[in-house]
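Structural characterization, general
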Amino acid sequence: MHSTYRTIEADVCVVGGGLLGLAHAHAARGRGLSVVVLERDSRPLGGSIRHGGHLFFSALPGEASQLAAQARASWSELLARAGAFSDDCGTVIVARSDDELAVMAAAVRDRPGSARMLSPAQVAKLVPIPTRGLAGALHGLGDLRVDPRTVAAAIARLLARDPAVRIEWRTPAQIVEPGLVLAGELRLRARAVVVCPGAETREIPVALGGEGTLRRQRVHMLRVAPPGHRRYRPALATSLTLLEQPGFAGLPGAEALRARIELEHEQLIEHGVAPVITQLPGGELIVGPSSVPETVPSPFGNERSGQRLLAAAQALLGGPCDVRERWLAAGLSAAAERGSGGSRASSDNFHVSAPLPGVRVVRAVGPLALALCHVQAAATIAELLAPAPDGSSADGFALRDQRRVPLGVRAHPQAFRALRARPAPPA
Ligand SMILES: Cc1cc2nc3c(=O)[nH]c(=O)nc-3n(C[C@H](O)[C@H](O)[C@H](O)COP(=O)(O)OP(=O)(O)OC[C@H]3O[C@@H](n4cnc5c(N)ncnc54)[C@H](O)[C@@H]3O)c2cc1C
């Protein structure tokens, strides 16, 4: 008996409908290319709905200030067009000692215009947290807060309204070959394929290079009711965040600060507790992360990690928080090898491999991956479009910049050519 399968054509196929995959679809459309996104689930369920909703541009070092501005502008424009919630709330990182203040002052010198110091009295005016024992704070300016539960769906809806974008939900890609993706009954012919499978998946439909250089973490997150129904506009963090973010870790005084904190707060370091608190539009707070390395993905969360995270958040907020939800997520980090495309700050946050001609696998491996996903997506697509030194297109693939008509206008009257349904070869 013969079964039929559908074949469709597009310029670019994106595997994975999380925020990174959607960013690549958006970047491809920015070049006038038609896109098909294949997503395994009926909606994004991976890292793209489990994150803290904190787009922490001010954590980038001063040398990457242009990148930060570009990342922020891309996000702002897309969020506005998607009608998604966002707030340019900034970030307040509190200091309780002079060595913390010294690193923060170095951060302000490093990125003038995107960060400033606050006195305890200024902190009290901005956020309702207790100021007893506070030495001051770093105020990162222009950071955005988004709603992690709804932002990916809003962007997917926006993209799906474009006639040159097609999103196939519940469609796991099984095999990726140069120019061809097989997903159940669907055969997708695409000149370029970008695979953004996230950290949760172990079966990637293409052999990867450099997988051995990625380390996994199990991350705990919480949704809590704020003490006393208070409102906190800026995202809140402690100096543990200074140690977590590469953009602060290289500053003068950061090494000494790390050594002191590791000595005094061994338990927090062991459980990877570095709370960042962001408020959801409805008032509840997202608190996270605490993260511990793991070699084999585990479904079990260590309750101590969650408790330490909660205790750190309550100490910062100055009151008890009622836990409404806990969840686990997988995170990746890169050991040695760096990704390609974009600047150093961008490559610190992404692992990019080219396992086959015209195929790129892009994975988030840094704490600013979400903030920088549109910059990385633009870099991936530009690299796939770039002509090789001999004048042919990258990898010999005929991907050409099709940008002729503004976005939102129907660029390709026949963006997807549905080829005739052909019977599958007998098994
Ligand atoms: C707990 C946590 C908190 C975070 N907080 C922040 C933060 O506050 N700020 C920040 O900048 N970054 C943050 N990050 C990082 C950020 O959330 C991630 O980098 C980002 O969401 C990754 O998006 P993604 O699209 O790569 O992955 P995902 O969202 O996991 O998407 C991958 C998608 O690919 C699909 N898929 C996989 N295999 C296939 C297949 N074969 N066929 C079809 N589809 C497939 C999956 O179903 C999934 O939907 C956080 C990460 C974690 C884990």
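Residues numbered from 1 in each chain as written. Predicted model: local features only at pLDDT ≥ 70, side-chain atom pairs only at ≥ 80, totals over all residues. Heavy atoms only, no water.

Quick word on the overall build of the protein
Using the following cut-off: Helix numbers and strand numbers start at the N terminus; a helix is a DSSP run of H or I with at least 4 residues, a strand a run of E with at least 2. For each residue, the accessible area found with a 1.4 Å probe, counting protein chains only, is set against the maximum for its type, and the residue is called buried under 20%, exposed over 50%, and partly exposed in between. The criterion used for residue contact is that any of the two residues' heavy atoms lie within 4.5 Å.
Secondary structure summary: the protein contains 13 helices and 20 strands in total. Burial statistics for the protein: of 427 residues in total, 54% are counted as buried. Across the protein, contacts joining residues at least 24 apart in sequence account for 76% of those joining residues at least 6 apart.

Some details on the sheet that holds strand β5 (residues 91-95)
The following threshold applies: When DSSP finds two or more bridges between two strands, those strands count as paired. Lines fitted to the C-alpha atoms define the axes, with helices restricted to the stretch that makes contact. Angles between their N-to-C directions range from 0 to 180 degrees.
Sheet architecture is open: 8 strands sit in the order β6-β7-β5-β14-β15-β16-β13-β17, paired in mixed fashion. The outermost strands of the open sheet, each flanked by one partner alone, are β6 (115-118) and β17 (322-334). Along the sheet, successive strands turn relative to each other by an average axial angle of 20°, direction set aside. When β5 meets strand β7 (residues 136-140), the two strands line up antiparallel, connected through 5 bridges. Among the inter-strand pairings, Thr91 is bridged to a residue of β7, identified as Gly140.

Concerning the site of the ligand
Using the following cut-off: Any residue with a non-hydrogen atom lying within 4 Å of a molecule or strand is treated as near it. Whenever a nitrogen or oxygen atom comes within 3.5 Å of another N or O atom, the pair is scored as a polar contact, on the condition that within protein one atom can donate a hydrogen and the other can accept it, and that pairs from neighbouring residues in sequence are kept only if both atoms are in side chains. Exposure was quantified through the Shrake-Rupley algorithm and a 1.4 Å probe, taking into account, for residues, occlusion by the shown protein chains and nothing else. Residue classes follow a fixed rule: Ala, Val, Leu, Ile, Met, Phe, Trp, Tyr, Cys and Pro count as nonpolar, while Asp, Glu, Lys and Arg count as charged, and any other residue, Gly among them, counts as polar. Here the bounds of each domain stem from an automatic or database domain assignment.
Glu39, Ser48, His54, Ala173 and Leu370 are the nearest of the 36 residues found near the ligand. Measuring from an oxygen atom of the ligand, one finds a backbone N or O atom of Leu19 at 3.3 Å. Glu39 is positioned with one of its side-chain polar atoms (N or O) 2.6 Å from an oxygen atom of the ligand. Across the complex, the protein chains shield 91% of the 1,000 Å² of accessible surface that the ligand would expose by itself. Listed by contribution, the elements that provide at least two residues to the shell around the ligand are α1 (19-30), α2 (47-50), β13 (214-225) and β17. Taken together, the residues that form the shell around the ligand break down as 19 nonpolar, 13 polar and 4 charged. Split by domain, the residues of the shell around the ligand number at least three in each of domain 1 (4-48 + 150-210 + 337-423) and domain 2 (93-141 + 213-334).

Shape descriptors only; they carry no functional weight alone.
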